[in-house]
Amino acid sequence: MELGVVGLPNVGKSTLFNAITKAGAESANYPFCTIEPNVGVVAVPDERIDVLSKMYNTKKSTYASLKFVDIAGLVKGASRGEGLGNRFLASIRECEAVVHVVRCFDDPNITHVEGSIDPIRDIETINLELSLADLEVVTARIEKTEKRLKQGDKEAAGELVTLRKIYEKLNGGQPARMASFTIDEEPFVKSLFLLTTKPVIYACNIAESDLGKNEDDIDYVKRVKEYAAKENSEVLVISAKVEQELTELEPDERALFLEDLGLKESGLNRIIKIGYRLLGQISFLTAGEKEVRAWTITKGMKAPEAAGKIHTDFEKGFIRAEVVPYETLVECGGYLQAKEKGKVRVEGKDYVVQDGDVMLFRFNV
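Thresholds, definitions, all that
- Counting starts from 1 at the beginning of each chain's written sequence and moves along it residue by residue.
- Totals for whole chains, interfaces and linings use all residues, but because this is a predicted model, local features are given only for residues with pLDDT of at least 70 and pairs of side-chain atoms are given and counted only at 80 or more.
- The side-chain values count all of the structure's non-hydrogen atoms but skip hydrogen atoms and water molecules.
- Cysteine sulfur pairs qualify as disulfides if the two atoms are within 2.5 Å.
- Note on pairing: DSSP must find at least two bridges between two strands before they are called paired.
- Numbered from the N terminus, helices here are DSSP runs of H or I no shorter than four residues, and strands are runs of E no shorter than two.
- The axes are straight lines fitted to the C-alpha atoms, using for helices just the contacting stretch, and the angles between their N-to-C directions are given from 0 to 180°.
- Roughly parallel here means an angle under 35 degrees, roughly antiparallel means over 145, roughly perpendicular means 65 to 115, and every remaining angle is called oblique.
- Between two residues, a contact is recorded if the distance between any of their heavy atoms is within 4.5 Å.
- Charged means Asp, Glu, Lys or Arg here, nonpolar means Ala, Val, Leu, Ile, Met, Phe, Trp, Tyr, Cys or Pro, and polar covers whatever is left, Gly included.
- Burial status follows relative accessibility: with a 1.4 Å probe on protein chains alone, a residue under 20% of its type maximum counts as buried, one over 50% as exposed, and anything between as partly exposed.

(A) Up close: the state of the cysteines. Counted by the stated rule, this structure contains zero disulfides. A disulfide-free cysteine, cysteine 204 has its sulfur positioned 4.0 Å from the sulfur of cysteine 104, the nearest such atom.

Below, the structure is given as structure tokens:
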């Protein structure tokens, strides 16, 4: 998965990116310190990999990965190329989901491009620019589709209905994801690569002193939650400064620090979980002495497609899959023991892979 980290200048966007990827993107108290998108690939924490690696005494442990792209700060007029708008829009278009960092803390020492703190105004500034950019794309597409309709193109009529539905939302200042699409419309909508159809996680960047408080008692956060609820977007409350401090600690120290702050897990773990849920992602596992590995797939994917994630030959020559749920494998103490107890199932081409399935594929090419 590829998540784009976006936000206005000086909201803590690059600080958060640095913390969760340790990629070292420049962070400074002035706009546009991130000019080119910085990319960081992180391993997805998965205790199942840790347990299976010990069980199999494996030589190699490979976790699923998640790519974060830190994109230049946006300003008003980005849809017209103001600031670094064109670069921003091109970069975000390639991402599958958006982590929109919103400043929810007061600090007179850190300037704000608008001169004051107002998270809803900031959100609407970016959403408006993205909507305007999409509106330009959709308007041009409507004109082309209308010409196709006059020329007798049978598919044009249906596409026009969908395009006008999107246009209505965008022209009203709302993101395209606010429109309701049928299952038949979704592939066409996806093919448009619109900025405002992407799932959004609003990351409320709060002060360290607000950690541990009831989130609804923090006015800035409460307002963002109310806004996000209207468009069915996710909200993550996080302190970029604390996340950065966590990266400098050893694992044991990190756990104690989180406990002292009243937190169960780091912001990275929470972003990953929300991202997986938003994009409908799950992981199946393969295990052996050579390697224990997690493979990310889309929920609902069948066994042959999952096998293809390992190698295309696995999908082409798929015969069957031997499957045992992770929990069952651990309870039995190993694959052979699970097989002896009849806990390993043999599944065919129509089997829908479940999160945590430990799988062995049989194939012939």
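(B) Representation of the sheet that holds strand S5 (residues 97-103) in the model. A sheet is described by the order of its strands in space; here six strands give the open sequence S2-S4-S1-S5-S6-S7, paired in mixed fashion. Each edge of the open sheet carries a strand with a single partner, namely strand S2 (38-43) and strand S7 (234-238). Taking the axes of each pair of neighbouring strands and ignoring which way they run, one obtains an average angle of 25° across the sheet. Examined bridge by bridge, strand S1 (residues 2-6) and strand S4 (residues 65-70) share four bridges and lie parallel to one another.

(C) Broad picture of the packing of helix H4 (residues 119-150) against helix H7 (residues 219-230). Viewed as axis vectors pointing N to C, H4 and H7 meet at an angle of 40°, and their least axial separation amounts to 9 Å. It follows from the interaxial angle that H4 and H7 lie oblique. Together, Pro119, Ile120, Ile123, Glu124 and Asn127 of H4 and Tyr220, Arg223, Val224 and Tyr227 of H7 make up the contact between the two elements. Here the contact of H4 with H7 is built from residues that sort into six nonpolar, one polar and two charged.

(D) Representation of the pairing of S5 in the model. For S5, the tally of buried residues reaches seven of seven residues, placing the bulk of the element in the interior. Residues Ala97, Val99, Val101 and Arg103 line one face of S5 and the alternating positions Val98, His100 and Val102 line the opposite face, and both faces are buried. Where S1 lies against S5, four bridges are found, and the strand directions are parallel. Looking across to S5, one finds that leucine 3 is bridged to alanine 97.

Functional significance is not addressed by these values, which are geometric in nature.
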